[in-house]
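# Commentary on secondary and tertiary structure
The lines below spell out each chain.
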Amino acid sequence: MAAAGDGPWLDDAAGRLVRPFTVSDGRTRPTVELDLMSQVMVTGATPFGYLGPEHAQALDLCRAPLPVAEVAAHLKLPVAVTKVLLADLVDCGGLTTKPPVSDHNPTDRALLEAVLDGLRRQL
């Protein structure tokens, strides 16, 4: 059964009734540079222009800083579509973004081994 508030967007048998790329009007490239770990957060300003339901959901999710990947998971949309939606919100003043904060070197052998060990434990 579809969750309350999903309305006509989801169907138990068919899944998502609206194709993901119709949500972004077929656009596949965001106007703002975002990666999976970029943090997005509402600005508090009222965004100008038309916002679709996914835009409103993203604004609601981003009351506290969230990485792009987590927003995509909550919206149940592909990351490429989510990046376009988030870029729309940055462009209209509703969101702000900052690069991810990392204390780790992504090629640090000890870090990579710890991640690998964690993945092995999950299997």
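Structure report, in brief. Residue positions are given per chain, counting from 1 as you read along its sequence in written order. Per-residue local features of the predicted model are confined to residues with pLDDT of at least 70, and side-chain atom pairs are confined, for both listing and counting, to 80 or more; whole-chain, interface and lining totals are unaffected and use all residues. To get the side-chain values, take all heavy atoms of the structure and skip hydrogens and water.

### Describing the overall build of the chain
Across its full length, the chain holds five helices and five strands. Split into buried and exposed, the 123 residues of the chain put 28% on the buried side. Whether two residues are in contact is decided by their heavy atoms: any pair within 4.5 Å suffices. For the chain, restricting intrachain contacts to residue pairs at least 6 apart in sequence, the fraction spanning at least 24 positions comes to 66%. For the chain, the exposed area adds up to about 8200 Å²; of that, 58% sits on carbon and sulfur atoms. Every helix listed is a DSSP run of H or I at least four residues long, and every strand listed is a run of E at least two residues long, numbered separately from the N terminus. Only protein chains enter the area calculation, which uses a 1.4 Å probe; residues under 20% of their type maximum are buried, those over 50% are exposed, and those in between are partly exposed. Per-residue and other accessible areas follow the Shrake-Rupley method at a 1.4 Å probe size, with only the shown protein chains counted as cover for residues.

### Quick word on the pairing of strand β3 (residues 39-42)
Strands were regarded as paired on the criterion that DSSP finds at least two bridges between them. Relative to strand β4 (residues 66-67), β3 runs antiparallel, the two being bridged by two bridges. In the strand pairing of β4, Gln39 is matched with Pro67. With four bridges connecting them, β3 and strand β5 (residues 95-98) associate as antiparallel partners. Within β5, the position partnered with Val40 by the bridge is Thr97.

### Focus: the sheet that holds β4
The three strands lie next to each other as β4-β3-β5, forming an open sheet whose pairing is antiparallel. With partners counted over all chains shown, the strands left at the sheet margins are β4 and β5, one partner each.

### Concerning the nonpolar core
When a protein is soluble and globular, its nonpolar side chains tend to lie buried together. Grouped together as the largest cluster of nonpolar side chains are 18 residues, with contacts concentrated most on Leu34, Val40, Ala58, Val71, Leu86, Leu89 and Leu95. Broken down by secondary-structure element, the contributors of at least two residues to this core are α2 (53-61), α3 (68-75) and α4 (79-91). The element that contributes the greatest number of residues to this core is α4, accounting for five residues. Discounting residues that sit within four places of it in the chain, Val40 has contacts with Leu34, Cys62, Ala64, Pro65, Leu66, Val68, Val71, Leu86, Leu95, Thr96 and Thr97. Only buried residues count toward a nonpolar core. Its members are Ala, Val, Leu, Ile, Met, Phe, Trp, Tyr and Cys residues joined through side-chain atoms within 4.5 Å.

### Observations concerning the packing of α3 against α4
Lines fitted to the C-alpha atoms define the axes, with helices restricted to the stretch that makes contact. Angles between their N-to-C directions range from 0 to 180 degrees. Between α3 and α4, the shortest axis-to-axis distance is 9 Å and the interhelical angle comes to 105 degrees. Between α3 and α4, the crossing angle belongs to the class labelled roughly perpendicular. Of the residues in α4, those in contact with Val68, Val71, Ala72 and Leu75 of α3 are Val79, Thr82, Lys83 and Leu86. Here the residues of the contact of α3 with α4 are counted per class, giving six nonpolar, one polar and one charged. What sets the label is the angle itself: under 35 degrees gives roughly parallel, over 145 gives roughly antiparallel, 65 to 115 gives roughly perpendicular, and the rest give oblique. Residue classes follow a fixed rule: Ala, Val, Leu, Ile, Met, Phe, Trp, Tyr, Cys and Pro count as nonpolar, while Asp, Glu, Lys and Arg count as charged, and any other residue, Gly among them, counts as polar.

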